[in-house]
Amino acid sequence: MVDVSKHELVPEHTILEDDDLEEVLSEYDIDRTDLPKIKRTDAALPDDAEIGDVIKIVRDSRTTDQAVVYRLVVE
C-alpha cells in the first residue's frame, strides 16, 4: 500500500501544540470550532492525529513562498 502522506505533492501536516494553538486562536479571535474541518480518515493526516486536534498545514505558494492553514480534525 502507498503512504499518501509521504508523497511529494502532499503538503506538510503537523499536529499543533496547545501553546501554539492558543496563539493562533487569539490572533484570529476565533474558537477552535470556527476552524475549517478535516476528516480523521484523511490519508494525509499524521497517524497519531485524534479527533479534536488542530492540524497545521504548510503549502508551497507562488505568491508568499509558503501558505499556512489550520484544520480541526473531526470524525
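Residues numbered from 1 in each chain as written. Predicted model: local features only at pLDDT ≥ 70, side-chain atom pairs only at ≥ 80, totals over all residues. Heavy atoms only, no water.

Caption draft 1: Summary view of the overall build of the protein. A tally of regular secondary structure across the protein gives 1 helix and 4 strands. Going from the N terminus to the C terminus, the protein shows its helices and strands as β-α-β-β-β. Expressed as lengths along the three principal axes of its C-alpha atoms, the size of the protein is roughly 40 × 35 × 20 Å. Out of the 75 residues in the protein, the part that is buried amounts to 27%. Expressed as a percentage of contacts within the protein between residues at least 6 apart in sequence, the contacts between residues at least 24 apart total 51%. Accessible surface for the protein amounts to roughly 5800 Å². Of this, 45% is attributable to carbon and sulfur atoms. Distance between charge centroids for the protein: 7 Å, based on 9 positive and 21 negative side chains. (Helix = DSSP H or I, 4+ residues; strand = E, 2+ residues; numbered from the N terminus. Buried < 20%, exposed > 50% of the residue type's maximum accessible area, 1.4 Å probe, protein only. Contact = heavy atoms within 4.5 Å. Areas by Shrake-Rupley, 256 points an atom, 1.4 Å probe, with all protein chains shown as cover. Lys, Arg positive; Asp, Glu negative; His and termini not counted. Charge placed at Lys NZ, Arg CZ, Asp CG, Glu CD.)

Caption draft 2: Structural view of helix H1 (residues 18-28). Burial in H1 covers these residues: Leu21, Val24 and Leu25. The buried residues of H1 occupy an angular sector of 95° when the element is viewed end-on, so they sit on one face. Opposite the buried face of H1, by more than 90 degrees, sit the exposed residues Asp19, Glu23, Ser26 and Glu27. In this structure, the buried side of H1 is in contact with strand E3 (54-61) and strand E4 (65-74). Of the residues one or two after H1, Asp29 is the one with positive phi, at around 55°. (Arc of directions from axis to C-beta.)

Caption draft 3: The arrangement of the side chain of His13 in detail. With respect to the helices and strands, His13 occurs in strand E1 (residues 12-15). His13 gets classed as buried once you look at its relative accessible area, which sits at 15%. In this structure the side chain of His13 is engaged in a polar contact, spanning 2.7 Å, whose partner is the backbone oxygen of Pro11. Setting aside residues up to four positions removed in sequence, His13 forms contacts with Ile38, Ala44, Leu45, Pro46, Ile55, Lys56 and Ile57. (Polar contact = N/O pair within 3.5 Å; in protein donor to acceptor, adjacent residues only side chain to side chain.)

Caption draft 4: Highlighting the pairing of E3. Direction of pairing for E1 relative to E3: antiparallel, over a ladder of 4 bridges. In the strand pairing of E3, Ile15 is matched with Ile55. Sheet analysis places E3 next to E4, joined by 8 bridges and oriented antiparallel. Directly across from Arg59, in E4, lies its bridge partner Ala67. Here E3 folds back onto E4 in antiparallel fashion, the turn holding 3 residues. (Pairing = 2+ DSSP bridges.)

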